Amino acid sequence: MTERAGWQRTHTCGALRASDEGSQVVLNGWVAARRDHGGIYFLDLRDRYGVTQVVLAEEVAGDLKLAPEDVLCVRGTVRKREERNINPNRETGEVELVAESVEMLSGSKLPPFEIIDDLDTGVELRLKHRFLDLRRAPLQQNLVHRSRFINAMRRAFEAQDFVEVETPILTKATPEGARDYLVPSRVHPGEFYALPQSPQIFKQLLMVSGLDRYFQVARCFRDEDLRADRQPEFTQLDMEMSFVEEEDVFASWEQVLIDTFKDSMGYDVPTPIPRMPYKEAMERFGIDKPDLRFEMELVALDDWARASDFQVFSGAVEAGGRVMGLTVKEGGSLSRKEITALEDVVKTYGAKGLAFWKPALDGGAGPLARFVPEGGAQELMELLGATEGDLCLFVADPRERVVQRSLGELRVHLGKQLGLTEPSEFRFLWVTHFPLFEWDDEAGRWFSTHHPFTAPADWELGGGGFDLSDPDSPIGDQMSRSYDLVMNGWELGSGSVRIHRADVQQRVFEVLGIGEEEQRQKFGFLLDALSYGAPPHAGFAVGLDRLVALTLGMDNIRDVIAFPKTASATDLMCDAPSTVEAYQLEDVHIDVSARAKAALEEAQSSPEASS
RNA sequence: GGGGAUGUAGCUCAAUUGGUUAGAGUGCCGGCCUGUCACGCCGGAGGUUGCGGGUUCAAGUCCCGUCAUCCUCGCCA
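All values derive from a computational prediction rather than experimental measurement.

(A) View of the overall build of chain A. When its secondary structure is counted, chain A shows 17 helices and 21 strands. Overall, chain A is about 90 × 75 × 60 Å in size when its C-alpha atoms are taken along their principal axes. For chain A, with 611 residues in total, the buried portion stands at 46%. Taking the contacts inside chain A whose residues are at least 6 apart along the sequence as the reference set, 67% of them involve residues at least 24 apart.

(B) Focus on the protein's contact with RNA strand B. Surrounding RNA strand B, one finds 53 residues, the nearest of these being N85, E96, E124, S448 and H450. Within 4 Å of the protein, the atoms of RNA strand B are drawn from sugar and phosphate moieties in a proportion of 56%. The separation between a phosphate oxygen of RNA strand B and a polar side-chain atom of R222 is 3.0 Å. For RNA strand B, a phosphate oxygen lies 3.2 Å from a polar atom in the side chain of R558. A per-element tally of the surface near RNA strand B places strand β1 (residues 24-36) first, with three residues. Its residues assigned to classes, the surface near RNA strand B shows 13 nonpolar, 20 polar and 20 charged.

(C) Local environment of the environment of G375. Within the element layout of this structure, G375 appears in the loop between β14 (355-357) and α11 (377-384). Overall, G375 belongs to the exposed group, its relative accessible area being 74%. As a C-alpha pair, G375 and M324 span 51 residues in sequence and 21 Å in three-dimensional space.

(D) Quick look at α11. Along α11, the residues classified as buried are A377, L380, M381 and L384. Buried residues in α11, looked at end-on, bunch into an arc of 100 degrees, giving them a common side. Contacts made by the buried residues of α11 are with β12 (299-300), α8 (302-306), β13 (322-328), β14 and β15 (391-397). Where α11 ends, the next residue or the one after it, G385, has phi of about 65 degrees, a positive value.

(E) Structural context of the pattern of salt bridges. Counted by the stated rule, this structure contains 47 salt bridges. E400 is the partner of R322 in a salt bridge, and the nearest nitrogen-oxygen pair spans 2.7 Å. Of this pair, R322 sits in strand β13 while E400 is found in helix α12 (residues 400-417), placing the two residues 78 residues apart along the sequence. On the basis of relative accessibility, which here comes to 10%, the residue R322 falls in the buried class. By sharing partners, the salt bridges in this structure join R126, R130, D133, R136 and D559 into a single network.

(F) Structural context of the sheet that holds strand β11 (residues 275-277). Pairing within the open sheet is mixed, and its eight strands lie in the order β6-β9-β10-β21-β20-β19-β16-β11. Two strands bound the open sheet, and with one partner strand each, they are β6 (163-164) and β11. Taken together, the five bridges between strand β16 (residues 428-432) and strand β19 (residues 482-487) define a ladder with antiparallel strand orientation. Across the sheet, the residue bridging to V431 is D484, located in β19. Relative to strand β10 (residues 233-242), helix α5 (residues 200-209) is tilted by about 25 degrees, and along the sheet it contacts β9 (213-221), β10 and β21 (537-543).

(G) Layout of empty space enclosed by the protein. Under the definition given, this model contains one cavity of 30 Å³ or more. Within this model, the largest cavity holds a volume of roughly 30 Å³. Class assignment of the residues belonging to the lining of the largest cavity gives a composition of five nonpolar, no polar and two charged.

Reading the values: the criteria
Residues numbered from 1 in each chain as written. Chains lettered and ligands numbered in written order. Predicted model: local features only at pLDDT ≥ 70, side-chain atom pairs only at ≥ 80, totals over all residues. Heavy atoms only, no water. Helix = DSSP H or I, 4+ residues; strand = E, 2+ residues; numbered from the N terminus. Buried < 20%, exposed > 50% of the residue type's maximum accessible area, 1.4 Å probe, protein only. Contact = heavy atoms within 4.5 Å. Near = heavy atom within 4 Å. Polar contact = N/O pair within 3.5 Å; in protein donor to acceptor, adjacent residues only side chain to side chain. Nonpolar A, V, L, I, M, F, W, Y, C, P; charged D, E, K, R; others polar. Arc of directions from axis to C-beta. Salt bridge = Lys/Arg side-chain N within 4 Å of Asp/Glu carboxyl O. Pairing = 2+ DSSP bridges. Axes fitted to C-alpha atoms, helices over the stretch in contact; angles between N-to-C directions. 1 Å grid on protein atoms, 1.4 Å probe; cavity = no way out; pocket = protein on both sides within 12 Å on 5 of 7 lines; lining within 4 Å. Points joined across faces, edges and corners; volume = space filled by probe spheres on them.

Keep in mind that these numbers describe shape and distance, not what the molecule does.
Following this line, the structure appears as structure tokens:
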């Protein structure tokens with residue numbers, strides 16, 4: 001056996017306590033701080049586990065030059081501090097290490113920012129030196145929490161007899177859904193793999209194989225524009241089970257959530273998790289992922305509006321649209337300026353304006369007041385659940401989705417602004433009964449609301465005979481057997497009962513405008529599999545980055561990911577994406593277009609490119 | 001693809017109506033200091049005001065373009 005090298009630590013920097021007094025120990029760690037008092041020199045040594053104060057006597061320090069972030073080996077004796085010198089803010093604060101020798105294991109240049117907990121520095125710099133950013137305790141704690149959370153989830157699935165199976169990363173492009181990341185084939189000139197947007201088809205095939213219960217911590221890739229809660233590559237807890245229906249999937253997940261939250265953070269998830277049909281969510285909250293931590297529900301005012309003298313309101317209803325409102329309790333004190341800011345919120349989502357009313361029995365105030373009929377204030381107040389001192393807000397539009405969406409987003413906005421959302425409370429909800437198809441005006445055809453493998457609520461699916469080029473076709477009324485899991489206004493994940501009959505699957509492809517030829521070419525293997533005894537099956541997937549971020553009270557997923565990308569999908573640390581050597585392109589049979597080449601040259605000739 | 005915000009010292013920011021040599025805090029370096037832990041005191045170094053162009057006697061400041069980052073609408077089965 002090899003002998004242990006003399007420099008290696010006997011303890012971590014978070015380990016020593018008063019009970020270790022007198023021990024001879026070796027610590028390894030980074031220089032976190034130095035305090036030179038002339039005759040005595042204090043040194044804070046840091047690692048993942050904590051910080052320990054090292055005391056260097058003049059004789060030991062000598063002319064040793066220490067810089068921040070140098071990596072050291074310190075040998076010495078643990079000493080209990082005198083009462084007045086104890087640092088109560090540190091776990092190791094009752095002791096200090098009296099150094100007998102200090103050895104530099106690795107020197108450090110001056111870092112571009114300080115390695116401190118409450119760093120106040122731009123994202124750009126932090127991402128460029130992510131290895132230094134990740135040296136900070138809060139970021140390390142995030143990653144540790146993520147690891148514990150995901151492993152607790154793994155244990156929970158294993159306890160239910162699920163089998164973790166890995167599926168391919170190099171796979172086939174899918175015609176529907178997000179833009180694919182493509183990988184050119186060297187062996188097959190002109191052909192491409194795609195990175196999976198999710199392991200969807202593979203997990204269904206595993207059900208056909210009889211694996212019965214599958215799960216995976218799966219990396220997924222979607223080449224779409226990013227957001228604070230969206231990265232081009234992200235992680236899902238993906239699962240699928242056979243011989244089940246909706247309620248079995250819900251039950252399985254509820255147990256997983258109970259186990260995971262309990263194990264990893266000691267939180268008791270309140271169960272059963274309530275269910276709400278999509279239609280109800282849209283009507284009451286204006287959104288398919290309602291935040292149930294506060295009330296302030298939307299109110300339908302269509303009948304009131306139809307009879308109103310206010311043209312904007314009555315006109316919207318006559319045009320087949322909606323008028324809805326919501327009441328901000330004690331919102332009457334909001335200034336005109338604040339209300340204008342709220343109007344900007346609804347305009348973002350397509351609303352033309354935001355009407356408001358400060359309710360009172362005498363008719364109230366605000367632009368809507370003159371349209372409240374004599375003596376009609378009480379009726380309107382009752383409709384809105386409003387009392388004097390409240391603020392009522394209204395949106396009217398010929399497009400129902402604009403009314404619901406804009407007021408729904410306004411409700412979320414107000415919830416945050418008024419401090420109605422308690423961050424340590426986790427309110428879950430299953431949203432069910434989504435429509436199977438949605439009409440896309442731009443493309444002029446139907447798209448799957450969830451995905452094309454989702455079972456229709458009615459297996460016969462109308463039996464055909466619909467005019468599929470008609471946006472008002474009753475195909476739009478078909479319900480699906482898909483469901484979302486929602487928490488605190490975030491969509492955590494979605495799933496569905498799947499189609500396990502080849503004929504139904506073909507019919508759905510037809511509605512989506514995927515002809516027989518294309519079906520064979522793109523999904524032949526799936527249709528084939530469905531014709532060899534496919535069990536009824538259903539599944540679900542949860543976005544882990546979002547869920548982990550939420551459990552830490554963060555609304556940006558960047559800091560629960562070790563090496564995240566920027567909003568333009570670049571990695572500032574390793575400078576990806578980047579150009580490759582000409583021979584590499586030749587190998588994979590790729591010609592870069594003249595336009596792309598010109599853009600590259602322009603970028604490289606500007607001084608900005610190298611900075 | 002659209003909208004908004006930001007870009008000044010290593011870092012966080014300031015700089016009046018366009019006007020002298022672009023400042024402060026912090027970090028860093030040097031000196032002093034034997035109980036600090038946000039140590040203290042003294043001194044010092046440190047700037048292509050993102051980049052390019054324009055207006056002007058004069059631009060960190062005004063105009064045009066461009067790049068980067070963040071937020072967001074569209075997009076994300």
